[in-house]
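Single-letter residue listing:
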Amino acid sequence: MKDLPLGCFYIIMPKFKKILLKLSGEVLAGENHISLDFKTIKNFAENLALIKNSGIQLSLVIGGGNMLRGRDALELGLDRVSLDSIGMLGTVMNALAVKTVLEKLNVPAQVLSAVNCTPIAELYTREKARDLLSSGHVVLFAAGTGHPFFSTDTAAALRAAELDLDCVVKATKVNGIFDKDPEKFPDTAKHFPTLTYDQAIELNLKVMDTAAFAICRESKIPVWVLSVHEKDWAKNIIEGNTTGTLVNL
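Residues numbered from 1 in each chain as written. Predicted model: local features only at pLDDT ≥ 70, side-chain atom pairs only at ≥ 80, totals over all residues. Heavy atoms only, no water.

## A few points about the overall build of the chain
In terms of helices and strands, the chain carries eight helices and 11 strands. Relative to the compact-globule value of 18 Å for 249 residues, the chain shows a C-alpha radius of gyration of 18 Å, a close match. Buried positions account for 45% of the 249 residues belonging to the chain. Of the roughly 13,100 Å² that the chain leaves accessible, carbon and sulfur atoms contribute 54%. (Helix = DSSP H or I, 4+ residues; strand = E, 2+ residues; numbered from the N terminus. Rg over C-alpha atoms; globule rule 2.2 N^0.38 Å. Buried < 20%, exposed > 50% of the residue type's maximum accessible area, 1.4 Å probe, protein only. Areas by Shrake-Rupley, 256 points an atom, 1.4 Å probe, with all protein chains shown as cover.)

## Digging into the pattern of salt bridges
Using the criterion set out here, one finds 11 salt bridges in the structure. The partner of arginine 126 in a salt bridge is aspartate 164, with the nearest N and O atoms 3.9 Å apart. With arginine 126 in helix H4 (residues 126–134) and aspartate 164 in the loop between helix H5 (152–162) and strand S6 (167–172), this residue pair connects regions lying 38 residues apart in the sequence. Overall, the relative accessible area of 44% leaves aspartate 164 in the partly exposed class. A salt bridge links aspartate 164 to arginine 130; its shortest N-O distance comes to 3.0 Å. (Salt bridge = Lys/Arg side-chain N within 4 Å of Asp/Glu carboxyl O.)

## Observations regarding the packing of H5 against helix H7 (residues 210–219)
One way to put it is that H5 packs onto H7 with a least axis distance of 8 Å and a crossing angle of 15 degrees. Considering the angle they form, H5 stands roughly parallel to H7. Helix-helix and strand crossings are classified by hand; for H5 and H7 the assignment is left-handed. Judged by residue contacts, Asp153, Thr154, Ala157, Leu158 and Ala161 of H5 engage Ala211, Ala212, Ile215, Cys216 and Ser219 from H7. In terms of residue class, the contact of H5 with H7 is made up of seven nonpolar, two polar and one charged. (Axes fitted to C-alpha atoms, helices over the stretch in contact; angles between N-to-C directions. Parallel < 35°, antiparallel > 145°, perpendicular 65-115°, else oblique. Left-handed = near helix turned anticlockwise from the far one by under 90°. Contact = heavy atoms within 4.5 Å. Nonpolar A, V, L, I, M, F, W, Y, C, P; charged D, E, K, R; others polar.)

## With respect to the nonpolar core
Core analysis: the biggest nonpolar cluster contains 44 residues, and Ile19, Leu21, Leu48, Ile51, Leu60, Trp233 and Ile237 have the highest contact counts within it. Here this core gets seven residues from one element, more than from any other, and that element is helix H3 (residues 80–104). Excluding anything up to four places from it in sequence, leucine 60 contacts Leu21, Phe44, Leu48, Val138, Val139, Leu140 and Phe141. Within the second largest apolar cluster, 31 residues are counted, among which are Ala156, Ala160, Tyr197 and Val207. (Core = buried A, V, L, I, M, F, W, Y, C linked by side-chain atoms within 4.5 Å.)

## A word on the confidence of the model for the chain
With 94% of its residues at a pLDDT of at least 70, the chain reaches an overall mean of 90. Low confidence marks residues 1–13, where pLDDT is under 50. Its contacts with residues over four positions away, or in another chain, come to four contacts. (pLDDT = per-residue confidence, 0-100.)

## Considering the packing of helix H1 (residues 38–53) against H3
Between H1 and H3, whose axes approach to 9 Å, the crossing angle comes to 65 degrees. Regarding H1 and H3, the two cross each other, and that crossing is right-handed. For the pair H1 and H3, contact is made by Phe38, Ile41, Lys42, Ala45 and Leu48 and by Ala97, Val98, Val101 and Leu102, respectively. Taken together, the residues that form the contact of H1 with H3 break down as eight nonpolar, no polar and one charged.

## Points about a nonpolar patch on the surface
A surface patch of nonpolar side chains, about 300 Å² in accessible area, is lined by Val81, Phe149 and Phe150. As for its placement among the helices and strands, phenylalanine 150 is situated in the loop between strand S5 (138–142) and H5. (Patch = residues over 30% accessible without salt bridge, like charges linked within 9 Å, V, L, I, M, F, W, Y side chains within 5 Å.)

## So, the state of the cysteines
Enumeration according to the criterion identifies zero disulfides in this entry. Among the cysteines around cysteine 167, which has no disulfide bond, cysteine 216 carries the closest sulfur, lying 8.5 Å off. What makes cysteine 167 buried here is its relative accessible area of 0%. Taking the relative accessible area as the measure of exposure, cysteine 216 reaches 0% and is therefore buried. (Disulfide = S-S within 2.5 Å.)

## Some remarks on the sheet that holds strand S2 (residues 57–62)
Ordered by their spatial adjacency, nine strands build an open sheet running S4-S3-S5-S2-S1-S6-S10-S11-S9, and the pairing between neighbours is mixed. The sheet terminates laterally at strand S4 (122–123) and strand S9 (194–196), the two strands that pair on one side only. Pairing geometry for strand S1 (residues 18–23) and S2, over six bridges, is parallel. Opposite leucine 23, over in S2, you have isoleucine 62 as the bridge partner. (Pairing = 2+ DSSP bridges.)

## Quick look at the pairing of strand S11 (residues 245–248)
Here is the key point about a regular strand: its side chains alternate between the two faces of the sheet. Here three bridges tie S9 to S11, and the two strands are oriented parallel to one another. Bridge pairing in S11 places leucine 195 opposite valine 247. Sheet analysis places strand S10 (residues 223–227) next to S11, joined by three bridges and oriented antiparallel. When the bridges of S11 are listed, valine 223 appears paired with valine 247.

Take a look at the structure:
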C-alpha cells in the first residue's frame, strides 16, 4: 500500500459483509473436553464481538459434537432418528450458552430454533431472522434443519441461502482443506488454498458434506474454511484475509 499523506486515514472494508459462521460443537468443550467450557466460550464470544462490532452482519450454526458422539452411538445399533433428535437439542444448548456470554459482553444476540423450544428459544422463520440481523443482533440458528438425517453443515448452507448471505465460514481445528488429515500426516498432507465446489464434491473431502456444498454451489455462496485456533482468525474475517481454503465457483 502506498504511503498516505499526513492526517489521512483509511478504513478496511470487509470482503464479506454478511457471513454465517459454522462452528463445531467440540470447540466449546475446550482443552478439558467438558461439554461446555465457559472460559473457552468467553474467549470465542470476545472474537465474535470483534467481528460483529466491525460492521459485519453475523450469524452462527453450532454443531452438537460436544454433547453427543452420534457416530459412536450408531455403532451400537441405536436408532438414527432418535439420536438426531438428541443432537438437535444439543445444538440448542450450545447456542444458548454462546448467546448468554455474548449478552454479558453487551452484544445483542438471539437463538432461533428449527424445532419449537419456546420459551427458551424463538422458532425460526426467515422473516424473523432477517429482522434480527438488520437490527444488529447476532443470530444463532439451532436444532439443525429440524429434521433427522441432515447435518448442521447442511443447516448452515440452507440458512445462508435462505437469507442471501455472502459467505459460509466453516471453522475447524485445522487451517483449511487438505487431501488427508494434517494432524495424522503433517509432512505429506497437501493443502488446497482454493477449490471449486465440484472439486470439493468429487474429491469427497470430509470438511463438509455433499449436500452442504451442493446448496452453496447452487446459491453461489463461497465456503471459507479456517481454524479458530489461529491467533488472528477473527481479524482475518474482518479484513477478508482468506487464509485457509476458499471454495467457490
